[in-house]
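Residue-level structure breakdown
These are the residues of each chain, in order.
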Amino acid sequence: MNFLLTASGLRNETLRDALRDMLGKPFGSANVVFVPTASVADPGDHGWVVADMNRLHGLGWREFDILELNGLPQQMVLDRLLHADVVYVEGGNHYHLARSITGNGLADGFLEALQSRVYVGVSAGSMIFSRNLTGHSADVIGDATDLHVLGATSVEPPFGLFDWYLKPHLYSPDFPERDDAWADRITARADFPIYFIDDETAVRVRDGKADVVSEGRWRFHP
């Protein structure tokens, strides 16, 4: 399985080149499916979703599909994933995204689809693969309110592929509190490994091995 786990999408040529390499063919010869599910649980202006969708669409795909994980028959969702070469999962509320996958019985089919496809995550879409996506990690990271707003106090990791956790938007102007002091406070509490990545960075996973591709800054705490 091939993963490119970003904070803010394909923001620079280094990340786009990484995707081209993982895909193994031009974007114009490939199908992409854009999954906005996590974003619908976030209130307020969604211009950031539109901007990221436009940036992705502008890469010139053979086919650009949009797929919501809730409200459609399970097999229809899985067939649309299987039709794509790249599964691109947008940001928003990662707990809503995880609960949508498990609640709709999509986890096994999703993983099967990813055996021969490239997965690109954006923020929330990059956070759902850790086995440490739990109510405990919500308290450690400090985003339990994003879980409670869904009327929940716990979450089941839909995949549990990695022992490390990914936290996006380090040093981001959109999240000014996410500086080194913020990361230090989290790592002092954490009992699991964490990648902190900025908006110009991705964690790349190929054949189970993780590395970092970046035009920005990042931190890893084992």
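Here we summarise the structure given alongside this text. (Residues numbered from 1 in each chain as written. Predicted model: local features only at pLDDT ≥ 70, side-chain atom pairs only at ≥ 80, totals over all residues. Heavy atoms only, no water.)

1. Description of the overall build of the protein
What the protein contains, in helices and strands, is nine helices and 10 strands. In terms of overall dimensions, the protein has C-alpha extents of about 45 × 35 × 35 Å along its principal axes. Looking at the 222 residues of the protein, the share that counts as buried comes to 51%. Taking all contacts inside the protein whose residues are at least 6 apart in sequence as the whole, residues at least 24 apart take part in 77%. Total accessible area computed for the protein in this model is approximately 9,400 Å², and 49% of it derives from carbon and sulfur atoms. Where the 19 positive side-chain charges of the protein centre and where its 31 negative ones centre are 3 Å apart. (Helix = DSSP H or I, 4+ residues; strand = E, 2+ residues; numbered from the N terminus. Buried < 20%, exposed > 50% of the residue type's maximum accessible area, 1.4 Å probe, protein only. Contact = heavy atoms within 4.5 Å. Areas by Shrake-Rupley, 256 points an atom, 1.4 Å probe, with all protein chains shown as cover. Lys, Arg positive; Asp, Glu negative; His and termini not counted. Charge placed at Lys NZ, Arg CZ, Asp CG, Glu CD.)

2. Here we look at the sheet that holds strand β10 (residues 218-221)
Read from one edge of the open sheet, three strands run β6-β7-β10, paired in mixed fashion. Each having just a single partner strand, β6 (165-167) and β10 make up the two edges of the open sheet. Taken pair by pair, the neighbouring strands of this sheet meet at an average axis angle of 15°, ignoring direction. The sheet contact formed by strand β7 (residues 194-197) and β10 spans four bridges and is antiparallel. In the strand pairing of β10, Ile194 is matched with His221. Against the sheet, helix α9 (residues 180-189) touches β6, β7 and β10, its axis set at about 170° to β7. (Pairing = 2+ DSSP bridges. Axes fitted to C-alpha atoms, helices over the stretch in contact; angles between N-to-C directions.)

3. What to know about the pairing of strand β9 (residues 209-214)
Inspection of the sheet shows strand β8 (residues 201-206) paired to β9 by six bridges, in the antiparallel sense. Looking at the pairing, Thr201 lines up with Ser214 of β9. Connecting the antiparallel pair β8 and β9 is a turn made up of two residues, with Asp207 showing a positive phi of about 55°.

4. A few points about the side chain of Ser126
Mapped onto the elements of the fold, Ser126 is located in helix α6 (residues 124-127). At 2.8 Å, the side chain of Ser126 forms a polar contact with the backbone oxygen of Thr6. The residues contacting Ser126, other than those within four sequence positions of it, are Leu5, Thr6, Gly121 and Leu166. (Polar contact = N/O pair within 3.5 Å; in protein donor to acceptor, adjacent residues only side chain to side chain.)

5. What to know about helix α3 (residues 74-83)
Val77, Leu78 and Leu81 are the residues of α3 that are buried. For α3, the angular spread of buried residues about the axis comes to 95°, placing them on one side. As for α3, its buried residues are in contact with β2 (31-35), β4 (86-89) and α5 (107-114). (Arc of directions from axis to C-beta.)

6. Some thoughts on the pattern of salt bridges
One pass over the structure, following the stated rule, counts 14 salt bridges. Residues Arg11 and Glu200 are paired through a salt bridge, measuring 3.7 Å at the closest nitrogen-oxygen approach. Of this pair, Arg11 sits in the loop between β1 (2-6) and α1 (13-23) while Glu200 sits in the loop between β7 and β8, and the two are 189 residues apart along the sequence. Taking the shortest distance from any N to any O, the salt bridge between Lys167 and Asp143 comes out at 3.3 Å. In this pair, Lys167 sits in strand β6 while Asp143 sits in the loop between α7 (135-141) and α8 (144-148), placing the two residues 24 residues apart along the sequence. Look at Asp143 and you get buried, because its relative accessible area is 6%. Each member of the salt-bridge network shares a partner with another, and the members are Glu13, Arg16, Asp17 and Arg20. (Salt bridge = Lys/Arg side-chain N within 4 Å of Asp/Glu carboxyl O.)

7. What to know about the environment of Asp21
Tracing the chain through its elements places Asp21 in helix α1. For Asp21, a relative accessible area of 51% translates into the label exposed. Taking the C-alpha atoms as reference, Asp21 lies 14 Å from Asp211; in sequence the two are 190 residues apart.

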